[in-house]
Amino acid sequence: MAIPMIEMNDGHRIPQLGLGVWQDNDEQAAAAVRCALQAGYRLVDTASIYENEAGVGAGVRESGIERAEVFITTKIWNADQGYQAAQDALHASLERLGMDYVDLLLIHWPVPSRDLYVDTWRALIKLREQGLARSIGVSNFRADELHRLFKETGQLPAVNQIELHPWLQQAELRTANGVHGVRTQAWSPLGQGKVLADPLIAGLAAKHAKEPAQIILRWHIQHGVLVIPKSSNPERIRANADLFDFALDEDDMAALAELDRGERIGPDPDTFGA
């Protein structure tokens, strides 16, 4: 299995497909990470608020894959925003991970009501300069917040990780990310499983002799989106990576575009963390 590597605006490359570990405890995360890395994955996405960074680090070490071969993402939680607090938070994350650096560090939510995300971004820039985070980015940011980061610091995120699935396609935000050279990464790319039962997706799965999840993930891949489907099931982890031996045609992609409802499953970035 060869997962495509995508170049970011800082010159580093990121695997287009990775493993999410939201809601896993340390033991579950370690097992999932170990399985995914042995199956050919090379990106693992965690966060301090998931309380499983220790498990992720253990899974990497247990996999037999060299640390340098694995792309690790973690995130600064809302309560840790601010210039000094964010730096302290990454040091704590690195200790839990048992690592000297992360490959990508994200601000988890903008929390506009606190107005700390620019100071937090300045901290991430410093952490990158110190080599503690190879690349830096954001999660759940809107176009105006990206613009403000650039206006006030001259630095753009490498990645904006957002809720993205066929029911919430976020075309305008994906376009805004692209204009800024920011890579879009999808969290809940399968809509937390709720989109899998859609009749159109079931029909496309039958047409291509694939599973519904593979149809949705392939849709993301063909849009150039980075995806981090979450699973702790070894068979599902392997199946989620079986995306590169088929393609959706123009009619398939057009039909999937019609599924957009603007329907969020996760929190609204305008108000979350207020």
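Parameters at a glance
- Residues numbered from 1 in each chain as written.
- Predicted model: local features only at pLDDT ≥ 70, side-chain atom pairs only at ≥ 80, totals over all residues.
- Heavy atoms only, no water.
- 1 Å grid on protein atoms, 1.4 Å probe; cavity = no way out; pocket = protein on both sides within 12 Å on 5 of 7 lines; lining within 4 Å.
- Points joined across faces, edges and corners; volume = space filled by probe spheres on them.
- Nonpolar A, V, L, I, M, F, W, Y, C, P; charged D, E, K, R; others polar.
- Phe/Tyr/Trp six-rings, centres within 6.5 Å; stacked < 30°, edge-to-face > 60°.
- Helix = DSSP H or I, 4+ residues; strand = E, 2+ residues; numbered from the N terminus.
- Buried < 20%, exposed > 50% of the residue type's maximum accessible area, 1.4 Å probe, protein only.
- Lys NZ or Arg CZ within 6 Å of the ring centre and 35° of its normal.
- Core = buried A, V, L, I, M, F, W, Y, C linked by side-chain atoms within 4.5 Å.
- Contact = heavy atoms within 4.5 Å.
- UniProt positions renumbered as here; feature names shortened; annotations may be inferred.

**Some thoughts on the layout of surface pockets**
Here the largest pocket is characterised by a volume of approximately 560 Å³. Of the residues belonging to the lining of the largest pocket, the class tally is 14 nonpolar, eleven polar and three charged. In this structure, the second largest pocket spans a volume of roughly 180 Å³. If you go around the second largest pocket, you meet 16 residues; those closest to its centre are M5, P15, R42, E69 and F71. Looking at the lining of the second largest pocket residue by residue, the classes come out as eleven nonpolar, one polar and four charged.

**Quick notes on the packing of aromatic side chains**
This structure, assessed with the given rule, holds four aromatic pairs. On the numbers, 5.3 Å between centres and 80° between planes, the contact of Y117 with F141 is edge-to-face. Of this pair, Y117 sits in helix α4 (residues 117-129) while F141 sits in the loop between β7 (133-139) and α5 (143-153), and the two are 24 residues apart along the sequence. Assessed through its relative accessible area of 6%, Y117 is described here as buried. Taking the relative accessible area as the measure of exposure, F141 reaches 0% and is therefore buried. The rings of W77, W109, W187 and F272 are connected pair by pair, giving a single aromatic cluster. Taking the ring centre of Y117 as reference, the NZ or CZ of R148 above it sits at 5.2 Å. One residue, R218, lies across the ring of F246, its end atom 6.0 Å from the ring centre.

**Points about the nonpolar core**
Counting residues in each nonpolar core, the largest one holds 68 residues, and the members touching the most others are I72 and L105. Residue contributions to this core peak at seven residues, all from α4. For L105, the contacting residues outside a window of four places in its chain are T74, K75, I76, L90, L124, L127, A133, S135, I136 and G137. Among the nonpolar cores identified, the runner-up in size contains 14 residues, and I6, L104, A158 and W187 belong to it.

**Here's the deal with the UniProt feature "domain: NADP-dependent oxidoreductase" (unreviewed entry) in the chain**
According to UniProt, the positions carrying the feature "domain: NADP-dependent oxidoreductase" (unreviewed entry) are residues 17-260. End-to-end, the C-alpha atoms of residues 17-260 are 22 Å apart, and along that stretch the chain is 44% helix and 15% strand.

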